[in-house]
Amino acid sequence: MFRARRPLWVALTLLASLIVAPPALAAAEPLTITDFESDGVPAGVYAWGNDAASTPTLTIEPGADRPGASATNRVLKSVYTISQWGGWSHDLPATQDWSPYEGFSFWVNGTGSGQRIFFELKDGGGGPGNAELFESSFTDDAAGWRKVEVPFASFTRRTDYQPGGAPTDGELDLVAVWGYSMRLPTTSGTLTWDEVQLYGTAPPRPVRLSADAPVYPVNEKGEVRVGVTITTAGDAPLAADLAVDYRTGTGTATPGADYTAAQGTLTFPAGTASGSQKTFTVRTLRDGQDELAETIPIELSGTGTRPPAEAPVIVINAHGLPYLNARKPVRERVADLLGRMTLDEKIGQMTQAERGALAKQSDIATYRLGSLLSGGGSTPAQNTPRAWADMIDGFQLQARQTRLQVPLIYGVDAVHGHNNVVGATIFPHNVGLGAARDPALVEQAGKITAREVKATGIPWNFAPCLCVSRDDRWGRAYESFGEDPALVSRMATVIDGLQDNGVLATAKHYVGDGGTAYGSSTTGDYTIDQGVTRTSREELAAIHLAPFEEAVGRGVATVMPSFSSVDFGDGPLKMHAHDELINGTLKGRLGFKGFVISDWQAIDQIPGDYPADVRTSVNAGLDMIMVPYAYPQFTGTLKAEVEAGRVPVSRVDDAVARILTQKFRLGLFERPYADRSRIGDVGSAPHRAVARTAAARSQVLLKNDGGLLPLRGDAKVYVAGSNADDIGNQSGGWTITWQGSSGPITPGTTILQAVRSRAASVTYSRDASADLAGHDVGVVVVGETPYAEGQGDVGRAGRTLDLSAADRAAVDKVCGAMKCAVLVVSGRPMLLGDLSGVEAVVASWLPGTEGDGVADPLFGAVPYTGRLPFTWFRSVEQLPINVGDASYDPLFPYGWGLRTDPARDRLKAARDELARGDGASKAAAAALTLALSGRLWNADGSIRDPRAVLGALGAAAALLERSKSDSYAVGDAVVSVARDVAQKAGKRADLQASADHELAAGNPKKAVDLLAQASR
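Presented here is a report on the structure given in the accompanying data block. (Residues numbered from 1 in each chain as written. Predicted model: local features only at pLDDT ≥ 70, side-chain atom pairs only at ≥ 80, totals over all residues. Heavy atoms only, no water.)

Brief notes about the packing of aromatic side chains
Describing an aromatic ring pair means giving the distance of the ring centres and the angle of the ring planes.
Turning to step 1, where the next piece is worked out: For the structure on display, the rule yields 29 aromatic pairs.
Turning to step 2, where the next piece is worked out: Arranged with centres 5.0 Å apart and planes meeting at 65 degrees, the rings of Trp460 and Phe462 form a pair that is edge-to-face.
Turning to step 3, where the next piece is worked out: According to the relative accessible area criterion, Trp460 is buried, its value standing at 0%.
Turning to step 4, where the next piece is worked out: A residue is classified by how much of its surface remains accessible, and Phe462, at 0% relative accessible area, is buried.
Turning to step 5, where the next piece is worked out: For Lys278, the ring lying beneath its charged end belongs to Phe268, and the centroid distance is 5.7 Å.
Turning to step 6, where the next piece is worked out: Taking the ring centre of Tyr518 as reference, the NZ or CZ of Arg473 above it sits at 4.2 Å. (Phe/Tyr/Trp six-rings, centres within 6.5 Å; stacked < 30°, edge-to-face > 60°. Buried < 20%, exposed > 50% of the residue type's maximum accessible area, 1.4 Å probe, protein only. Lys NZ or Arg CZ within 6 Å of the ring centre and 35° of its normal.)

Examining the side chain of Ser844
Turning to step 1, where the next piece is worked out: Here Ser844 is to be found in the loop between strand 38 (840-843) and helix 18 (852-858).
Turning to step 2, where the next piece is worked out: Classification of Ser844 as buried rests on a relative accessible area of 0%.
Turning to step 3, where the next piece is worked out: One polar contact links Ser844 to Gln699, side chain to side chain, over a distance of 2.6 Å.
Turning to step 4, where the next piece is worked out: In this view, Ser844 contacts Ser698, Gln699, Leu823, Val824, Val825 and Val854; residues no more than four positions away in its chain are not counted. (Helix = DSSP H or I, 4+ residues; strand = E, 2+ residues; numbered from the N terminus. Polar contact = N/O pair within 3.5 Å; in protein donor to acceptor, adjacent residues only side chain to side chain. Contact = heavy atoms within 4.5 Å.)

Some points on the pattern of salt bridges
Turning to step 1, where the next piece is worked out: Applying the stated rule across the entire model yields 59 salt bridges.
Turning to step 2, where the next piece is worked out: For the salt bridge of Asp996 with Arg437, the shortest nitrogen-to-oxygen distance reads 2.5 Å. Residue Asp996 is found in helix 23 (residues 989-1000), and its partner Arg437 is found in the loop between helix 5 (430-436) and helix 6 (439-455); the two are separated by 559 residues along the sequence. Exposure class is identical for Asp996 and Arg437. Each is buried.
Turning to step 3, where the next piece is worked out: The salt bridge involving Lys1005 is made with Asp1009; its shortest N-O contact spans 2.7 Å. With Lys1005 and Asp1009 both in helix 24 (residues 1004-1014), this residue pair falls four residues apart, about one helical turn.
Turning to step 4, where the next piece is worked out: Here Lys1005 falls in the partly exposed class, since its relative accessible area comes to 26%.
Turning to step 5, where the next piece is worked out: With a relative accessible area of 37%, Asp1009 lands in the partly exposed category.
Turning to step 6, where the next piece is worked out: Connected through salt bridges with shared partners, the residues Glu120, Glu135, Arg158, Asp160 and Arg183 form a single ionic network. (Salt bridge = Lys/Arg side-chain N within 4 Å of Asp/Glu carboxyl O.)

Comments concerning the sheet that holds strand 35 (residues 761-764)
Each strand in a sheet pairs with another by means of backbone hydrogen bonds, the pair being arranged parallel or else antiparallel.
Turning to step 1, where the next piece is worked out: Strand order in this open sheet of six strands is 33-38-37-36-34-35, and the pairing throughout is mixed. Looking at strand neighbours, the two that pair on one side only are strand 33 (700-704) and strand 35, the edges of this open sheet. Ignoring strand direction, the axes of neighbouring strands in this sheet form an average angle of 20 degrees.
Turning to step 2, where the next piece is worked out: Bridge count for strand 37 (residues 820-825) against strand 38 is four bridges, and the pairing is parallel. Within strand 38, the position partnered with Val824 by the bridge is Ala843.
Turning to step 3, where the next piece is worked out: Packed onto the sheet, helix 17 (residues 805-817) meets strand 34 (716-720), strand 36 (777-783) and strand 37 and runs at close to 170 degrees relative to strand 36. (Pairing = 2+ DSSP bridges. Axes fitted to C-alpha atoms, helices over the stretch in contact; angles between N-to-C directions.)

A word on the nonpolar core
Turning to step 1, where the next piece is worked out: Core analysis: the biggest nonpolar cluster contains 136 residues, and Tyr323, Leu337, Leu372, Tyr510 and Leu638 have the highest contact counts within it.
Turning to step 2, where the next piece is worked out: For this core, the element with the highest residue contribution is helix 13 (residues 649-666), accounting for eight residues.
Turning to step 3, where the next piece is worked out: The contacts of Leu638, once residues within four sequence positions are left out, are Ile347, Met350, Val614, Val618 and Val647.
Turning to step 4, where the next piece is worked out: Counting 65 residues, the second-largest nonpolar core is a separate cluster that includes Val719, Ala768, Val838 and Leu846. (Core = buried A, V, L, I, M, F, W, Y, C linked by side-chain atoms within 4.5 Å.)

With respect to the environment of Arg906
Turning to step 1, where the next piece is worked out: Looking at the element boundaries, Arg906 is found in helix 19 (residues 903-914).
Turning to step 2, where the next piece is worked out: In sequence terms Arg906 and Ser976 are 70 residues apart; their C-alpha atoms lie 8.5 Å from each other.
Turning to step 3, where the next piece is worked out: The contacts of Arg906, once residues within four sequence positions are left out, are Arg899, Asp901, Ser976, Val977 and Asp980.

A closer look at the side chain of Asn723
Turning to step 1, where the next piece is worked out: Assignment of secondary structure puts Asn723 in the loop between strand 34 and helix 15 (727-731).
Turning to step 2, where the next piece is worked out: Since its relative accessible area comes to 0%, Asn723 is described here as buried.
Turning to step 3, where the next piece is worked out: A polar contact of 3.3 Å, which involves the side chain of Asn723, links it to the backbone oxygen of Val825.
Turning to step 4, where the next piece is worked out: With near-sequence residues (within four places) excluded, Asn723 lies in contact with Asn729, Ile751, Val781, Val782, Gly783, Glu784 and Val825.

Okay, here's the thing in structure tokens:
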């Protein structure tokens, strides 16, 4: 899923000499925040944009022509050509209190372009990148210098974007401001800026009144205790007595019949501390009727006070109606509820908004929203499990004030664990799980992810990605389990892990996103993501559709279409508009019964105006539309399209019924709030132990000359490389933030820490500059830095599949001085170059937070068992390269993976398990007994007679295909011994790759035959 646009600033340090702290009391003269009297752009002032071309150029120029300026005055010149978004910011190193001032001002030298230019303040939060954004604007309607003065009272909260971790109170407090931004228009131009200031004196700040909850749900014949809190300017005690009047206002409930009206005064004496609270009580009555929810607004007022921005509301819960009866079948409940809904309420259920985009939290009720989401990195201000639960429970409270009280369903991209949450268990990305080749382990990872996600109040996960990635240049390759549809289909067990533990899974991105042609993307400067898959219907079904068919068979609850397009030869058609593939194939031929959720703002990419986008996508079969910021526009547009007859009411009813069905099945109507009993399990030791196992099994041993690996525990180890000691790098994108980032972004164990816990002696030098002498072995950990969709595309902003110069230098230094192992931490195969001087190479993928899992096979605590989910290319000119290609000459074939556990032990374990199965399994066990004959094996555990062993393995594999009790794991173990023989022979990479495909497809006999042929 596409996430919110990246934050519009990157925190930098501001020179202390440029900061003038505002005084404690209001100043009569303007206070300068930023001036440009310097030789270069001041520290803390920087440009940003959606790509390099959209990032303005900032320079300091002479500016004596500004009215009132001195002869030596200097100004900031911004030259820009913006395709999507761009501008400049000034981030402060510490917050400033701007509350004593009336407003914000600056000089600008315009061109009379007529363009509207927005600017914003960064208010509160943990830093300039996590502040709540409030905006205003001016129009460049005159050429020349002008002074723009904007009272703080005219700033409004941005509704199109809020950064992750920002406060969401909707109040411009001004007591902790981190700076400001200037957002330039999407065109080319030049604007010059000078003298950003605060001006005027703020009026006296009233005492703020707040209730202890926005919404108070209560049953009939109950009571509500409303807490009223006072907050003073500067948190000073009250200077005089304060009287706060309260009363029940006019809502949908009837005083005297539904509740007893309440009115009175709460008195806070002089000297009362800011933050103090007093309460009053409202009692509800029983009228003996089955009915929908009814509201009782609470009005708070008082001289010298500011009431809550949104009046708190008491809600008498809906009761006695059929759809609320949990004993009734889901179908009946859906029909009853759907029959009570207005068109507005139905459309609300089809609407999903980003949490940070809510102009007011009560918009949940106003627009009857059916769903909210957190895009990647969209978190509560305190990114803890409990804060997540508090936040989502608060959103559910808002939904309780609607008359039908349909609960929200909250979604999040937990694509490798609950990866937005600091401290959560972070599993290897799908590429690593595909390398592990263990469907049971993948299901367990889904189970643990579900438990951590659900503990924070979230019942819906936008995962798994069932894309079949066919080009390593794709920035989402690591989200794929592999290049083979048979393998990806095997890994769909993650759906069971999620849904059997109370969290809806989402099969994405339907369909063909992994097959887009390089250079076909039209999104920004992306090169392959969101591009065009040029294919036939037959090829699409065989390669890209197969995993979704498996997902539907497993009962997946939701499906998300791809941003990409499909071209069957008559031109590309966006998947979000593809009636044939959504209505016809997914809902028709495959019989999908869940609901289809759009990707992030994806309908906007459908050609045509916005009404055309809406009706085309809904008519094509989309049931819920992810319109992160445009929920007011979407709901109004869809209503107009329905009323005009361009979207049938029957289509709306079908969509809403599908959504409500999943909400009822989840039990949201009975349990809308977070179950906090498992909050302590988030990131727990047992969960991390499973992630450690997954990381260990994902390790693929590509080369092991002389049996260098596993390392001895008493070895003196030299560790180098950019990814040896970096949790962020080893976790990759979609970790805490959308694109991920380097550094200690969340708790975990780095690979270096894990090596230190196992080796007798460790020297670490990232760049290999420390003395190399006196060590037994080197471990160089190289690879990629984090990225996510689009921004990870090869060719974008100079990104390549090459190792960095620093990593290459570290490999050359260390491996030139001692025996060494190179660990490649990356989301896809990389160009490795000359490996002649490197004894061992391991594909470590993106192992997540548990670096111990990388060290476990490295030191022999567990064996290397992983296999390549992607073909490892020799040169980038070969790309795309995949199993089954007519011309196939890789560096390492799909399915390659050297093992360090004895082959004979594997066969013994497989035989013993088969001996407990059905007749065919017992016969297979007998065949393996022949393969285990001592005369066929050498004393060191190697095979003496490969031909005889392979013949017995083939006989056992044929019997396995007839067994009803054997498991994929047993077949995998049998075929693995044949693979050992073929890999040792080093011939016919194409047959080796095809054998692994046949194994995943359920044909172990054919896999053994191909490997036997490859070993000759």
